[in-house]
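Results of the structural survey
Take a look at the letters that make up each chain.
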Amino acid sequence: GLVLGQLGRYEEALACSEKLIELDPKDGFAWGMKGLALLSLERYEEALLSYEKAIELGGKPDFIFFNRALALIALNRWNEGFAAFDDAVGRFRDQAQPVTISLISIINRLFSQAADPAIWRRQLGSLVEVCLKYKILSALGIGVVRSISTLMSPMVSDEAARARLEVWRELVGN
């Protein structure tokens, strides 16, 4: 299932994960892999349920916790998503790659879904709080840099780009 997912064959990865769960319904990793396939298919509610089942069964891989946060955020449950992200960072703060990948996903979703600078300020402020708490503000900076194509796409007006920059400077300084 993992390789199928990496190849972008998410329906097949989902079927593989479901087969594993059928063979061993208490396999937390298989439930996490099912969640990953569902998240990739943008079936966020089902992905969230799979991640919660994986955690309930004692699934420990970092992707389960970070992707649970991403599923919540994709469902516009931002406060719960940030709480789940905080939990994931608290568990895995020494693992830079999943933290950075999650931050990139959160930033991309925030700026692609919301057009209101007040929403950016509130959500980005919550994200900055988590990053300050765990001293990973540099990872947030990396996430922003890697999200430049979303933040500054041709579809973004100069006014929106300036507003995003102002919000960023307000929250973290120059």
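All of the points below concern the structure found in this document.

**A short note on the layout of surface pockets**
Its boundaries defined by the atoms lining it, the largest pocket holds a volume of some 660 Å³. Lining of the largest pocket is provided by 28 residues; of these, Leu36, Leu39, Ser40, Asn67 and Leu70 occupy positions nearest its centre. Here the element with the most residues in the lining of the largest pocket is helix α7 (residues 96–113); it accounts for eight residues. Considering only residue class, the lining of the largest pocket consists of 15 nonpolar, ten polar and three charged.

**Focus: unusual backbone geometry**
In this structure, asparagine 76 is a non-glycine residue whose phi angle is positive, near 60°. Within the secondary structure layout, asparagine 76 lies in the loop between α5 (62–74) and α6 (78–92). Look at lysine 135: it is not a glycine, yet its phi comes out positive at around 55°. Position of lysine 135 among the secondary structure elements: in the loop between α8 (117–133) and α9 (137–146).

**A word on the environment of glycine 173**
Position of glycine 173 among the secondary structure elements: in the segment after α11 (158–172). Residue class for glycine 173 comes out partly exposed when judged on its relative accessible area of 27%.

**Some thoughts on the packing of α5 against α6**
It is the contact of α5 with α6, at a shortest axis distance of 7 Å, that shows an interaxial angle of 165°. The orientation of α5 with respect to α6, classified from their angle, is roughly antiparallel. As for the relative orientation of α5 and α6, their crossing is left-handed in sense. Across from Asp62, Phe65, Phe66, Arg68, Ala69, Leu72 and Ile73 in α5, the residues of α6 making contact are Trp78, Glu80, Gly81, Phe82, Ala84, Phe85, Asp87, Ala88, Val89, Arg91 and Phe92.

**Quick look at the environment of leucine 4**
Mapped onto the secondary structure, leucine 4 falls in helix α1 (residues 2–6). Distance in space between the C-alpha atoms of leucine 4 and leucine 14 is 9.0 Å, their sequence separation being ten residues. For leucine 4, the contacting residues outside a window of four places in its chain are Arg9, Glu12, Ala13 and Cys16.

**Some thoughts on the side chain of glutamine 123**
Examined against the element boundaries, glutamine 123 turns out to sit in helix α8. Of the residues examined, glutamine 123 reaches a relative accessible area of 6% and is grouped as buried. What glutamine 123 contacts, discounting residues up to four positions off in sequence, is Trp78, Phe82 and Leu110.

**Here we look at α5**
Its 13 residues place the ends of α5 18 Å apart at the C-alpha level, agreeing with the 18 Å of an ideal helix rising 1.5 Å per residue. Along α5, the residues classified as buried are Asp62, Phe63, Ile64, Phe65, Phe66, Asn67, Ala69, Leu70, Ala71, Leu72, Ile73 and Ala74. In this structure, the buried residues of α5 make contact with α3 (28–40), α4 (44–56), α6 and α7.

**Let's talk about the pattern of salt bridges**
Scanning the model with the defined rule gives ten salt bridges in all. A salt bridge links glutamate 46 to arginine 43, with the nearest nitrogen and oxygen atoms 2.8 Å apart. Take glutamate 46: its relative accessible area is 37%, and that puts it in the partly exposed class. Residue glutamate 56 pairs with lysine 53 through a salt bridge whose shortest N-O separation is 3.5 Å. Of this pair, glutamate 56 and lysine 53 both sit in helix α4, three residues apart, roughly one helical turn.

What counts, and where the lines are drawn
- Residues numbered from 1 in each chain as written.
- Predicted model: local features only at pLDDT ≥ 70, side-chain atom pairs only at ≥ 80, totals over all residues.
- Heavy atoms only, no water.
- 1 Å grid on protein atoms, 1.4 Å probe; cavity = no way out; pocket = protein on both sides within 12 Å on 5 of 7 lines; lining within 4 Å.
- Points joined across faces, edges and corners; volume = space filled by probe spheres on them.
- Helix = DSSP H or I, 4+ residues; strand = E, 2+ residues; numbered from the N terminus.
- Nonpolar A, V, L, I, M, F, W, Y, C, P; charged D, E, K, R; others polar.
- Buried < 20%, exposed > 50% of the residue type's maximum accessible area, 1.4 Å probe, protein only.
- Axes fitted to C-alpha atoms, helices over the stretch in contact; angles between N-to-C directions.
- Parallel < 35°, antiparallel > 145°, perpendicular 65-115°, else oblique.
- Left-handed = near helix turned anticlockwise from the far one by under 90°.
- Contact = heavy atoms within 4.5 Å.
- Expected span 1.5 Å × (residues − 1).
- Salt bridge = Lys/Arg side-chain N within 4 Å of Asp/Glu carboxyl O.

So, to be careful, I would describe these as geometric facts and stop short of saying anything about function.
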